[in-house]
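A structural walkthrough
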Amino acid sequence: MRKIKKISIITLTYKNWRLLDRAIDSVKLQIIENKYEVEYFIVDDGTEDFDQTQVQNKLINFPYKNNIFANHKNSGTVKSFNNAILRTSGELIIPLSADDEFYDENVVSDIITKFENTNNLIITGIRIPITLDKELEGLPLIRHRHLFSDREALLNRIALKGNIISGSSTYYHREIFKRIGLFDENYRLLEDFPFYIKALKNDIDIGLFERKTIRYGMEGTSSNGVINLMLDNDFIKLYRSILESDILGFFGKCYVYIRVCKRKLRSLGLFTNS
């Protein structure tokens, strides 16, 4: 049985720091045995009007050690997450988006137990989208969950047809970063998808925790043209790396090549579907 002593929960913000109440309250309500040390890090990625004092006031009477960091300029999700990981010291890294919340008060405790009872270095839980107070079908979808018992099948599925693993409900043992490095900073916003490809290619399983871990609010989400362009550029880089690898056969690479073309056209405003 693997022993866990310390847990690091990380919330990244960029222009959404005013939504932090949900995440902070969710962490505050977690029931975690006293034998575990917990630290909570909030890292803002260069939001011009980020008010650190106001955020600190939200953490008054907070039950766990906490720190707030504000990047001097926007560096992108990938670099900001990497820097946060380097600042923390827990064996487990548990991300929590500012506008998400843990599904219930026992989520973190159950994640700890899952890591202690398996050899997994990466574990993904079930993300529950919420709209109009109604739960939608959990992600990964039920029809995809069998793939997590077959590393090669999972790698081929996400390389060919896209990611089915939600970064908002995926958790890491620090050892994974010692083995294969941190998230790839050649990407600006896309930290999870390239990392999962890299892990699977390095014969590292991604364990499925069939437990609802995150309530993911769907209301109020909007697209931003600049962010969409950055994501398109990140996806094009990723697809190119897949094309240059030996993950897929000829016909699979043809399929991915078409996706690259569509992304390029969309970035030019000539194609509207992803």
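Data block above holds the structure.
Residues numbered from 1 in each chain as written. Predicted model: local features only at pLDDT ≥ 70, side-chain atom pairs only at ≥ 80, totals over all residues. Heavy atoms only, no water.

Quick word on the overall build of the protein
The criterion, for reference: Secondary structure elements are defined from DSSP: runs of H or I of at least 4 residues count as helices, runs of E of at least 2 residues count as strands, and each element is numbered from the N terminus. Both definitions apply: the radius of gyration is a C-alpha atom measure, and the globule rule equals 2.2 Å times residues to the power 0.38. Whether two residues are in contact is decided by their heavy atoms: any pair within 4.5 Å suffices.
Helix and strand content of the protein: nine helices and nine strands. For the protein, whose C-alpha radius of gyration is 19 Å, the value lies close to the compact-globule estimate of 19 Å for 274 residues. Overall, the protein is about 55 × 45 × 40 Å in size when its C-alpha atoms are taken along their principal axes. Sequence-distant contacts in the protein: of pairs separated by 6 or more residues, those separated by 24 or more amount to 79%.

Quick look at the state of the cysteines
The criterion, for reference: We call a pair of cysteine sulfur atoms a disulfide when they lie within 2.5 Å. When accessible area is computed with a 1.4 Å probe and restricted to protein chains, residues below 20% of their type maximum are described as buried, those above 50% as exposed, and intermediate ones as partly exposed.
One pass over the full model with this rule turns up zero disulfides. Cys-254 supplies the cysteine sulfur nearest to Cys-261, a cysteine that is in no disulfide, at a spacing of 11 Å. Cys-261 gets classed as partly exposed once you look at its relative accessible area, which sits at 29%.

Examining the pattern of salt bridges
Between side chains of opposite charge, pairing is possible as soon as their charged atoms come close. To keep things clear, this is the line we draw: Throughout this description, the term salt bridge denotes a Lys or Arg side-chain nitrogen within 4 Å of a carboxyl oxygen of Asp or Glu.
What the rule picks out here adds up to 13 salt bridges. Residues Glu-135 and Lys-212 are paired through a salt bridge, measuring 3.4 Å at the closest nitrogen-oxygen approach. You can see Glu-135 sitting in strand β7 (residues 134–135) and its partner Lys-212 sitting in strand β9 (residues 207–217), a full 77 residues away along the chain. Looking at Glu-135, the relative accessible area reads 33%, which means it is partly exposed. On the accessibility criterion, Lys-212 (35% relative accessible area) is partly exposed. As a salt-bridge pair, Glu-135 and Arg-215 come within 3.8 Å of each other at their nearest N and O atoms.

What to know about the packing of helix α5 (residues 151–161) against helix α7 (residues 192–201)
To keep things clear, this is the line we draw: Note on method: axes are straight lines fitted to C-alpha atoms, helices fitted across the in-contact stretch only, with angles between N-to-C directions ranging 0 to 180 degrees. Handedness of each helix crossing follows the sense of rotation of the near helix against the far helix: counterclockwise by less than a right angle gives left-handed, clockwise gives right-handed. Here the nonpolar group is Ala, Val, Leu, Ile, Met, Phe, Trp, Tyr, Cys and Pro; Asp, Glu, Lys and Arg are the charged ones; every other residue, Gly included, is treated as polar.
Where α5 meets α7, the closest approach of the two axes is 10 Å, and the angle between their N-to-C directions is 150°. As α5 packs across α7, the resulting crossing turns out to be left-handed. Of the residues in α7, those in contact with Arg-151, Leu-154, Leu-155, Ile-158 and Ala-159 of α5 are Phe-193, Tyr-196, Ile-197, Leu-200 and Lys-201. When the residues that make up the contact of α5 with α7 are grouped by side-chain class, the tally is eight nonpolar, no polar and two charged.

Thoughts on α5
Every buried residue of α5 is listed here: Leu-154, Leu-155, Arg-157, Ile-158 and Ala-159. Count one or two residues on from α5 and you reach Gly-162, which has phi positive near 110°.

Topic: the environment of Asp-246
Among the secondary structure elements, Asp-246 is positioned in the loop between α8 (225–244) and α9 (250–267). By relative accessible area, which is 69% here, Asp-246 ends up exposed. It is 28 Å that separates the C-alpha atoms of Asp-246 and Leu-229, two residues lying 17 residues apart in sequence.

A few points about the pairing of strand β6 (residues 122–131)
Side-chain direction in a regular strand flips from residue to residue, so the side chains alternate between the two faces of the sheet. Put simply, the rule is: Pairing between two strands requires that DSSP report at least two bridges joining them.
With nine of its ten residues buried, β6 lies for the most part within the structure. Pairing of β6 with strand β8 (residues 170–173), which is carried by three bridges, proceeds in the antiparallel orientation. The residue bridging Ile-122 from the neighbouring strand is Tyr-172, located in β8. Pairing of β6 with β9, which is carried by seven bridges, proceeds in the parallel orientation. Opposite Pro-129, over in β9, you have Tyr-216 as the bridge partner. The pairing of β6 with β7 spans two bridges and is classified as antiparallel. From the neighbouring strand, Thr-131 faces β7, where its bridge partner is Lys-134.

Some remarks on helix α4 (residues 107–116)
With seven of ten residues buried, α4 is to be regarded as a mostly interior element. For α4, every residue scored as buried is listed here: Val-107, Val-108, Ser-109, Ile-111, Ile-112, Phe-115 and Glu-116. Where the residues of α4 are buried, they touch β1 (6–13), β4 (92–95), β5 (100–102), β6, β8 and β9.

A few points about the packing of aromatic side chains
We apply this condition: Aromatic rings from Phe, Tyr and Trp, with only the six-membered ring used for Trp, were paired whenever their centres fell within 6.5 Å, and each pair was classed as stacked if the ring planes differed by under 30 degrees, edge-to-face if by over 60, and tilted otherwise. Charge-over-ring placement is defined geometrically: NZ (Lys) or CZ (Arg) within 6 Å of the ring centre, and within 35 degrees of the ring normal.
Taken as a whole and judged by the stated rule, the model has 14 aromatic pairs. With a centroid separation of 5.7 Å and an interplanar angle of 65°, the aromatic rings of Phe-177 and Phe-183 are classed as edge-to-face. On the basis of relative accessibility, which here comes to 3%, the residue Phe-183 falls in the buried class. Over the ring of Phe-69 we find Arg-87, and its NZ or CZ is 4.1 Å from the ring centre.

Shape descriptors only; they carry no functional weight alone.
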